[in-house]
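Residue-level structural notes
Here is what each chain is made of, one letter per residue.
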Amino acid sequence: MPINNSCICGNNKSFTQCCERFLSGQQQAKTPEQLMRSRYSAYSLGGHGDYLLRTWFPATAHNLTAAELSTRACDWFKLEVLNKSQAGDAGIVEFEAHFCDAAGEANVLREKSVFARVGGKWFYVGGEVET
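A few points on the structure. None of the values given here were measured: they were computed from a predicted structure. (Residues numbered from 1 in each chain as written. Predicted model: local features only at pLDDT ≥ 70, side-chain atom pairs only at ≥ 80, totals over all residues. Heavy atoms only, no water.)

Our focus in this paragraph is the overall build of the protein chain. Of regular secondary structure, the protein chain possesses 5 helices and 4 strands. When the helices and strands of the protein chain are placed in sequence order, the string is α-α-α-α-α-β-β-β-β. In terms of C-alpha radius of gyration, the protein chain reaches 14 Å, essentially the compact-globule figure of 14 Å for 131 residues. Taken along the three principal axes of its C-alpha coordinates, the protein chain extends 40 × 30 × 30 Å. Looking at the protein chain as a whole, 40% of its 131 residues qualify as buried. Here the contacts in the protein chain between residues at least 6 apart in sequence split such that 37% fall between residues at least 24 apart. Distance between charge centroids for the protein chain: 10 Å, based on 13 positive and 14 negative side chains. (Helix = DSSP H or I, 4+ residues; strand = E, 2+ residues; numbered from the N terminus. Rg over C-alpha atoms; globule rule 2.2 N^0.38 Å. Buried < 20%, exposed > 50% of the residue type's maximum accessible area, 1.4 Å probe, protein only. Contact = heavy atoms within 4.5 Å. Lys, Arg positive; Asp, Glu negative; His and termini not counted. Charge placed at Lys NZ, Arg CZ, Asp CG, Glu CD.)

So, in structure tokens, the structure goes:
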């Protein structure tokens, strides 16, 4: 895990001051963008399936397992937040996540993610994905 470098999510903060505090359970994300960035870091690092499942809105997580979500299927190397909005307990974050697949091909996943705050905690509900 990065220690002194900029966070994996592309924020200018260190990993310990940015996403690690959410992945470790020390704090909860206060905004949809913080949750999205921390979830990107979880996917990028691998091994954080429990966190991904805990931050997924239960009704839309379907039959996903922490073990399945912990698997690092590709190399995520860049995140760009394109747009974000929040109105009360609803939020949207549009982003591009750059990755290399198993064959080493560079790709971009573009998603408009939907978030909901329930009981003071933000959850990933789902999103519209373009590749």
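Once you've had a look at it, read on.
A word on the pattern of salt bridges. On inspection of all chains with the given rule, the structure shows 6 salt bridges. A salt bridge links E33 to R37; its shortest N-O distance comes to 2.9 Å. Here E33 and its partner R37 are both found in helix α2 (residues 32–45), 4 residues apart, which amounts to about one turn of the helix. In this structure, E33 and R37 share a single accessibility class: buried. The partner of D75 in a salt bridge is R72, and the shortest N-O contact between them spans 2.9 Å. Put simply, E33, R37 and K84 are held in one network by salt bridges that share partners. (Salt bridge = Lys/Arg side-chain N within 4 Å of Asp/Glu carboxyl O.)

Read these as geometric descriptors, not functional statements.
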